[in-house]
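The primary structure of each chain is shown beneath.
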Amino acid sequence: DAKTTQPPSMDCAEGRAANLPCNHSTISGNEYVYWYRQIHSQGPQYIIHGLKNNETNEMASLIITEDRKSSTLILPHATLRDTAVYYCIVNSGGSNYKLTFGKGTLLTVNP
Amino acid sequence: GAVVSQHPSWVICKSGTSVKIECRSLDFQATTMFWYRQFPKQSLMLMATSNEGSKATYEQGVEKDKFLINHASLTLSTLTVTSAHPEDSSFYICSARDPLAGYNEQFFGPGTRLTVL
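Let me sum up the structure you'll find in this document. (Residues numbered from 1 in each chain as written. Chains lettered and ligands numbered in written order. Predicted model: local features only at pLDDT ≥ 70, side-chain atom pairs only at ≥ 80, totals over all residues. Heavy atoms only, no water.)

Another point: the sheet that holds strand S8 (residues 84–91) of chain A. Residues and elements named next belong to chain A. Spatial ordering of the open sheet is given by S1-S9-S8-S3-S4, a layout of five strands whose pairing is mixed. This sheet does not close on itself; its edge strands, each paired only once, are strand S1 (9–13) and strand S4 (45–50). Between one strand and the next, the sheet's axes are offset by a mean angle of 25°, whatever the strand orientation. Note that strand S3 (residues 32–38) and S4 share five bridges and pair antiparallel. Note on S4: the bridge partner recorded for Trp35 is Ile48. (Pairing = 2+ DSSP bridges. Helix = DSSP H or I, 4+ residues; strand = E, 2+ residues; numbered from the N terminus. Axes fitted to C-alpha atoms, helices over the stretch in contact; angles between N-to-C directions.)

Written out as structure tokens, the structure reads:
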């Protein structure tokens, strides 16, 4: 699976949009981009995934660049409960379902 | 989304004893489950892949005789830490993949915090 690079930490004001970047310049054509988050002392939670089109669900939006070498997770109206470590993971699925977690980005939402 | 439970949520044991952690998929059948370990302020590290009805596949550097995995049914996988030592103290997390999902969304348990005295 391709390696990802994320900033170690970010801050966001409550109510504002949080934009979390991820670089995955070595992504291959059949690899998806997944985002998970982990609130302190809990198991990770799936947020969203995409292949090449932008995606939106009730939690977030995922913007993938046209060359697929980077993506941005957008939390449109961040709340204090969104404070967590956010992981960007690239995975091809198929017979390899193993998720490799990097260090992620610690997003702190401030009041 | 689907729910995965773990039991116990925390356990304290003496050095040398064995501890069993259960991971259950509550509303779906999981042919594949994963076990992770997370040390303080570090990321999750995959320990092994648990396949129903067959032997687990361990990641490099993980001792299979120390971390026994059993996936006897489509809803239950167990991790037994044998002869636990203080360095095994960690946060153990399992995940399960719903095979009916068309993509690799995995559902994670809440984790089990193991403290070995």
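Past the structure itself, the notes keep going.
Size it by volume and the largest pocket reaches roughly 840 Å³. Taken together, 33 residues make up the lining of the largest pocket; nearest its centre are Val85, Tyr87 and Lys103 of chain A together with Gln38 and Gln42 of chain B. Every element with two or more residues in the lining of the largest pocket is listed here: S8 and strand S9 (105–110) of chain A. A breakdown of the residues in the lining of the largest pocket according to their chemical character gives 14 nonpolar, 14 polar and five charged. For the second largest pocket, the calculated volume is near 310 Å³. Along the wall of the second largest pocket there are 18 residues; nearest its centre are Pro44, Gln45 and Tyr46 of chain A together with Ala2 and Phe107 of chain B. Secondary-structure elements contributing two or more residues to the lining of the second largest pocket are S3 and S4 of chain A together with strand S10 (106–108) of chain B. Its residues assigned to classes, the lining of the second largest pocket shows nine nonpolar, seven polar and two charged. (1 Å grid on protein atoms, 1.4 Å probe; cavity = no way out; pocket = protein on both sides within 12 Å on 5 of 7 lines; lining within 4 Å. Points joined across faces, edges and corners; volume = space filled by probe spheres on them. Nonpolar A, V, L, I, M, F, W, Y, C, P; charged D, E, K, R; others polar.)

Take a nonpolar patch on the surface next. A grouping of Trp10, Ile12 and Leu117 of chain B is seen on the molecular surface, where their side chains present a nonpolar patch of about 390 Å² in accessible area. Structurally, Ile12 of chain B is set in strand S2 (residues 10–13). (Patch = residues over 30% accessible without salt bridge, like charges linked within 9 Å, V, L, I, M, F, W, Y side chains within 5 Å. Areas by Shrake-Rupley, 256 points an atom, 1.4 Å probe, with all protein chains shown as cover. Salt bridge = Lys/Arg side-chain N within 4 Å of Asp/Glu carboxyl O.)

Moving on, we get to the interface of chain B and chain A. In this assembly, 19 residues from chain B lie in contact with 18 residues from chain A. Counting the surface lost from both chain B and chain A, the interface buries some 1,500 Å², and carbon and sulfur atoms represent 56% of this. For the interface between chain B and chain A, the tally reads one salt bridge. Between Lys98 of chain A and Glu59 of chain B there is a salt bridge, with the nearest N and O atoms lying 3.1 Å from each other. Where chain B touches chain A, the interface holds four residue pairs in polar contact (both at pLDDT 80 or more). Listing elements by their share of the side of chain B that touches chain A, those giving two or more residues are strand S4 (32–38), strand S5 (45–51), strand S9 (90–97) and S10 of chain B. Of the residues assigned to the side of chain B that touches chain A, the class counts are nine nonpolar, six polar and four charged. (Contact = heavy atoms within 4.5 Å. Buried area = accessible area lost by both parts, 1.4 Å probe. Polar contact = N/O pair within 3.5 Å; in protein donor to acceptor, adjacent residues only side chain to side chain.)

Before going further, it helps to spend a moment on the pattern of salt bridges. Across all of its chains, the model carries four salt bridges over all chains by this definition. Residue Arg37 of chain A is joined to Asp82 of chain A by a salt bridge in which the shortest nitrogen-to-oxygen separation is 2.8 Å. In this pair, Arg37 of chain A is assigned in strand S3 and Asp82 of chain A in the loop between strand S7 (70–75) and S8, connecting sequence segments 45 residues apart. On the basis of relative accessible area, Asp82 of chain A is assigned to the buried category, the value being 13%. Arg24 of chain B is the partner of Glu22 of chain B in a salt bridge, and the nearest nitrogen-oxygen pair spans 3.5 Å. By relative accessible area, Glu22 of chain B is classed as partly exposed at 24%. (Buried < 20%, exposed > 50% of the residue type's maximum accessible area, 1.4 Å probe, protein only.)

Residue and element names in this part refer to chain A. With antiparallel pairing, the four strands of this open sheet are ordered in space as S2-S7-S6-S5. This sheet does not close on itself; its edge strands, each paired only once, are strand S2 (18–23) and strand S5 (55–56). Looking at chain direction, strand S6 (residues 61–64) and S7 are connected through four bridges and run antiparallel. The residue bridging Ile63 from the neighbouring strand is Thr72, located in S7.

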